[in-house]
Amino acid sequence: MLFVIIFVFAVFPALISWADYLKKVPAYQFVVDGEVWFTIADQAALEKVLTDYQQQYLEKVDPDAQVKKISFAQDVQLIPVEVRKDQIDPFPQAIEKIYAVENEAVEIIIKKGDNFWNLAKTYNMTVADLEILNPDVDPHRIYPGDKLVVSPFNPVLDVIIELENTVVEAIPFAVQYQKNNNMFTHEKSIVREGVEGEKEVVYHITLRNGYQETLKVIQETTLKEPTNAVVRVGTRTTVYRGGRVNYGVVQGKRISSTYGWRIHPITGQRRFHEGLDIAANHGNPVYAYTDGRVVEAGWNGGYGNCILIDHGNGLKTRYAHLSRINVKVGQKVKTGQRIGAVGSTGNSTGPHLHFEVIKNGKTQNPLNYL
Ligand SMILES: [Zn+2]
């Protein structure tokens, strides 16, 4: 009798806890590319962690952009399973695995003389890559002490975000010339000012861990046609000009960037481009816009090798990213005089002339002056 009592009170509870131990409970396995990362019980809590993890990469995205899809680059599955309680992993351990990092971002500090062109070369990447890694940085305005990312933050679990963003962009106007034999070749007058047009551009963008992976224009709609500028130019030549007719400040290939506001299609940030970029061959001569006196000639931060000419009457012109400067501060220059050569110094993505027109301290659309 005593033995039976001992059996009931001593062995039976042990049997209950043994059965309890073997008992299986519903749980979820987090499987990445076929490999089980962890097992958790609370599905809703895990989904919240995953959503937060993905959402962090939307922080710098234009709030007006439309998010089309958020996913992982890896094949991620949440599989319902039945496991023993001791096979469930502690939740903090699961969070740690999700947020694991393969490579931290590498940042450098800008030194005097650095520019996107040289830095890209040093870090064995393209200028476009460098711009993608630093969407907040205006390549025309980097200064010593500024930081630049040269290698992206790379987590173990990669987040892919698909966006669509609609931005309004400028349509540059063309300049029509009217030849006039009563005016000298160095004379010109604006008959009609040009007005930029407007277009609505829809971009389709994919981001990998917040950085642009692809960017495509999927639709373009003209909202307003540009009005071409009409400029009267003289054809009468003078002796010192030697009969050469030259209307512009450089012989270029095309206008690579116009004057005015630019909207970054990913961040939605607005930036003002103070000049006109004319893509041209490296070494092409750069000519003075009109008669004047050189007030700056030398290195000027993001402008690289740069010349500023004062033409009097509140008019100044700037020539940036030059490979060579042929004039000195204080020197008088004549219309069409060779003052330097096209280059890619300062923050430049390739050989071009950045030409600025400043009237009474304010920049103007140079297309109205060329
Ligand atoms: Zn420019």
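For clarity, every value in this text was computed on a predicted model and none was experimentally measured. (Residues numbered from 1 in each chain as written. Predicted model: local features only at pLDDT ≥ 70, side-chain atom pairs only at ≥ 80, totals over all residues. Heavy atoms only, no water.)

Examining the sheet that holds strand β4 (residues 76-84)
The strand order across the open sheet formed by 3 strands is β2-β1-β4, and the pairing between neighbours is antiparallel. The sheet terminates laterally at β2 (35-40) and β4, the two strands that pair on one side only. The average undirected angle you get between the axes of adjacent strands in this sheet is 35°. The pairing of strand β1 (residues 24-32) with β4 spans 9 bridges and is antiparallel. (Pairing = 2+ DSSP bridges. Helix = DSSP H or I, 4+ residues; strand = E, 2+ residues; numbered from the N terminus. Axes fitted to C-alpha atoms, helices over the stretch in contact; angles between N-to-C directions.)

As for the pairing of strand β18 (residues 276-279)
For a regular strand, side-chain orientation follows a simple rule: the groups alternate between the two sheet faces. Across the two faces of β18 the burial is the same, with Leu-276 and Ile-278 and Asp-277 and Ala-279 all buried. Bridging between strand β15 (residues 254-257) and β18 involves 3 bridges; their strand directions are antiparallel. By the bridge assignment for β18, Ser-257 is matched with Asp-277. For β18 and strand β26 (residues 352-359), the ladder comprises 4 bridges, and the chain directions are antiparallel. Within β26, the residue paired with Leu-276 across the bridge is Phe-355. (Buried < 20%, exposed > 50% of the residue type's maximum accessible area, 1.4 Å probe, protein only.)

Points about the sheet that holds strand β25 (residues 338-341)
Spatial strand order, β19-β25-β23: 3 strands in an open sheet with antiparallel pairing. Where the open sheet ends on each side, the last strands, each with one partner, are β19 (285-287) and β23 (324-325). With 3 bridges connecting them, β19 and β25 associate as antiparallel partners. Bridged to Tyr-287 within β25 is Arg-338.

Quick word on the domain arrangement of the protein
By the assigned domains, the protein splits into domain 1 (23-61 + 71-99), domain 2 (106-155), domain 3 (162-247) and domain 4 (250-370). One C-alpha centre belongs to domain 1, the other to domain 2, and the line joining them spans 36 Å. (Domains from an automatic or database assignment.)

Some remarks on the side chain of Thr-317
Residue position: Thr-317 is located in strand β22 (residues 315-322). A distance of 2.7 Å separates the side chain of Thr-317 from the side chain of Tyr-319, its partner in a polar contact. When residues no more than four places from it in sequence are discounted, the contact partners of Thr-317 are Tyr-289, Ile-307, Leu-308, Ile-309, His-311, Phe-355, Glu-356 and Val-357. (Polar contact = N/O pair within 3.5 Å; in protein donor to acceptor, adjacent residues only side chain to side chain. Contact = heavy atoms within 4.5 Å.)

Some remarks on the pattern of salt bridges
Close approach of charged atoms allows side chains with opposite charge to pair. Per the counting criterion, the structure on display carries 9 salt bridges. One salt bridge connects Glu-220 with Lys-199, and the closest N-O pair in it is separated by 3.8 Å. Taken as a pair, Glu-220 in strand β13 (residues 211-224) and Lys-199 in strand β12 (residues 197-208) lie far apart in primary sequence, 21 residues in all. Close ionic contact of Arg-208 with Glu-213 constitutes a salt bridge, the shortest N to O distance being 3.4 Å. Owing to a relative accessible area of 32%, Arg-208 belongs among the partly exposed residues under this scheme. Look at Glu-213 and you get partly exposed, because its relative accessible area is 43%. Members of the salt-bridge network, linked through shared partners, are Asp-158, Arg-208 and Glu-213. (Salt bridge = Lys/Arg side-chain N within 4 Å of Asp/Glu carboxyl O.)

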